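Architecture at a glance
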Amino acid sequence: MKEERKKAARDLWGGHFAGGPAPLMEQINASIDFDKRLWAHDVAGSIAHARMLAAAGIIAEAERDAIIAGLERIRDSIAQGEFAFSRALEDIHLNIEARLTEMIGEPGRKLHTARSRNDQVATDFRLWVRDAVDRADALLRALQAVLIDRAEEHAATVMPGFTHLQAAQPVTFGHHLLAYVEMFGRDRSRFADARRRLNECPLGAAALAGTGFPIDREATARELGFDRPMANSIDAVSDRDFALDYLASAAICAVHLSRFAEELVLWSTPQFGFVRMAEAFSSGSSIMPQKRNPDAAELVRAKSGRVIGRLDALLIVLKGLPLAYSKDLQEDKEGVFDAADTLELCLAATAEMVRGMTIFPERMREAAGVGYTTATDLADWLVREKGVPFRDAHAIVARVVALAESRGCGLEDLSIEDLRGIDPRLDEGVFEVLSVEKSVTSRKSFGGTAPERVREAIAAARERFLEGAG
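This report concerns the structure included in the present document.

What counts and what doesn't
Residues numbered from 1 in each chain as written. Predicted model: local features only at pLDDT ≥ 70, side-chain atom pairs only at ≥ 80, totals over all residues. Heavy atoms only, no water. Helix = DSSP H or I, 4+ residues; strand = E, 2+ residues; numbered from the N terminus. Rg over C-alpha atoms; globule rule 2.2 N^0.38 Å. Buried < 20%, exposed > 50% of the residue type's maximum accessible area, 1.4 Å probe, protein only. Contact = heavy atoms within 4.5 Å. Lys, Arg positive; Asp, Glu negative; His and termini not counted. Charge placed at Lys NZ, Arg CZ, Asp CG, Glu CD. Salt bridge = Lys/Arg side-chain N within 4 Å of Asp/Glu carboxyl O. Pairing = 2+ DSSP bridges.

Topic: the overall build of the protein chain
On a plain count of helices and strands, the protein chain comes out with 20 helices and 6 strands. Whereas a compact globule of 470 residues would reach a radius of gyration of roughly 23 Å, the protein chain reaches 31 Å, over 25% beyond that. Principal-axis analysis of the C-alpha atoms places the extent of the protein chain at approximately 100 × 55 × 40 Å. Looking at the 470 residues of the protein chain, the share that counts as buried comes to 49%. Within the protein chain, counting contacts between residues at least 6 apart in sequence, those at least 24 apart form 74% of the total. With 60 positive and 72 negative side-chain charges, the protein chain shows a separation of 1 Å between the mean positions of the two kinds.

This is how it looks when you write it as structure tokens:
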């Protein structure tokens, strides 16, 4: 069987090579171990090509029917795990074509008319990446839905907002979660842009120059769900921008996931105590029985580097390539496949972590008042109620904070005499703005953290991302 397949590989080169490849050449050259993932897309592209060849009078209708029937049998065989892939046949394209020819004879040898492996693989890979974009969008939408649901539960739950990881101003937990809804919404937008740009069909560009056969590229593009054929045959076979677009979108999305995972790690520490991760997404320690480690979040955080690295790797492969096709382009797929697997796993795991985590509003509320987080509210009160220029108000409140720090108490614990000793314009009215609840409630500007605004934002997010086009 091995010798028969080597002979089949030699036959595909038309007899130009007298012998088979060296074992090391077969090892470095073969891509079937990973590009077999393109099998469904390769079959679909070949069926579309066969139909077009028959419609153009290049092959007979009977030959078309035999080719399509054979390809459908091969598709079923691969789907059922019964297809025997061969490294001697290098890649998914030659594996399928050789098996088709074994099955149906001469018509199988006509399928490759007016195409090359160059436009064939470019088409297959675009189809695969398009599906990966759609999967990413569906998973992002599901993650947004979970975040929106949890934000709605906690639209009025007060927590500390941070800058420089220092307590800054009180916000609501719902508002904080909605920030990630927006970030993941931009990720969906980037994937949508990538999909729009990639949706042009390379098939029919052949090796690089097009073909002398009277093919109908519009017909194959239409059957495969592309918007149009690619306009330049050289660009069609050499372009991998669509893979870079996918990887760039995936890398940015992975960064967003990593930032959120880092917050989950922090929030689940005893020092924060804001959330507890579900046992199903935690692990213990081999030596410390009290430990409850947020391993799933840590792995999401780590795997972002893997996705970013895949983008870097493909950029480096492409940066020095002349037009049109070079074998270097075989290195495009493994990184994209791995990035897609990694991203999809992290998106699904993050959604489940958010769904299953326990939230502790009392602990969040307690932490929201630590660090003089209502100091800005006091400065705003001086501006609003007493007409003090903001920079002057800022300086006054800085002295108030310094006094509270020296006494080890909160701003609300200072007496009116203490406050008037700093500035006589500070009167009993200041106590109306010093609680974290009133601070949060006052932030009513569009996009602010006031619970009424958060609930409006939740309704808008449902419409934008879940019910509308997104």
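There's plenty left to go through after this.
Digging into the pattern of salt bridges
What the rule picks out here adds up to 39 salt bridges. The closest approach of N and O atoms between E90 and R117, which form a salt bridge, is 3.0 Å. One end of the pair, E90, is in the loop between α5 (61-79) and α6 (92-104); the other, R117, is in helix α8 (residues 117-153), with 27 residues separating them in the sequence. R117 shares its class with E90; the two are buried. When the shortest N-O distance is used, the salt bridge between E182 and R464 registers 2.8 Å. Here E182, found in helix α9 (residues 173-198), pairs with R464, found in helix α20 (residues 451-467); they are 282 residues apart in sequence, far enough to count as distant. What makes E182 partly exposed here is its relative accessible area of 30%. The partly exposed category is assigned to R464, whose relative accessible area is 40%. Salt bridges here are not isolated pairs; linked through shared partners, they connect E90, D91 and R117.

Comments concerning the pairing of strand β1 (residues 158-163)
Consecutive side chains along a regular strand alternate between the two faces of the sheet. Bridge count for β1 against strand β2 (residues 166-172) is 6 bridges, and the pairing is antiparallel. Across the sheet, G161 pairs through a bridge with Q169, a residue of β2. Between β1 and β2, which pair antiparallel in sequence order, lie 2 residues; one of them, H164, sits at a positive phi of approximately 60°.

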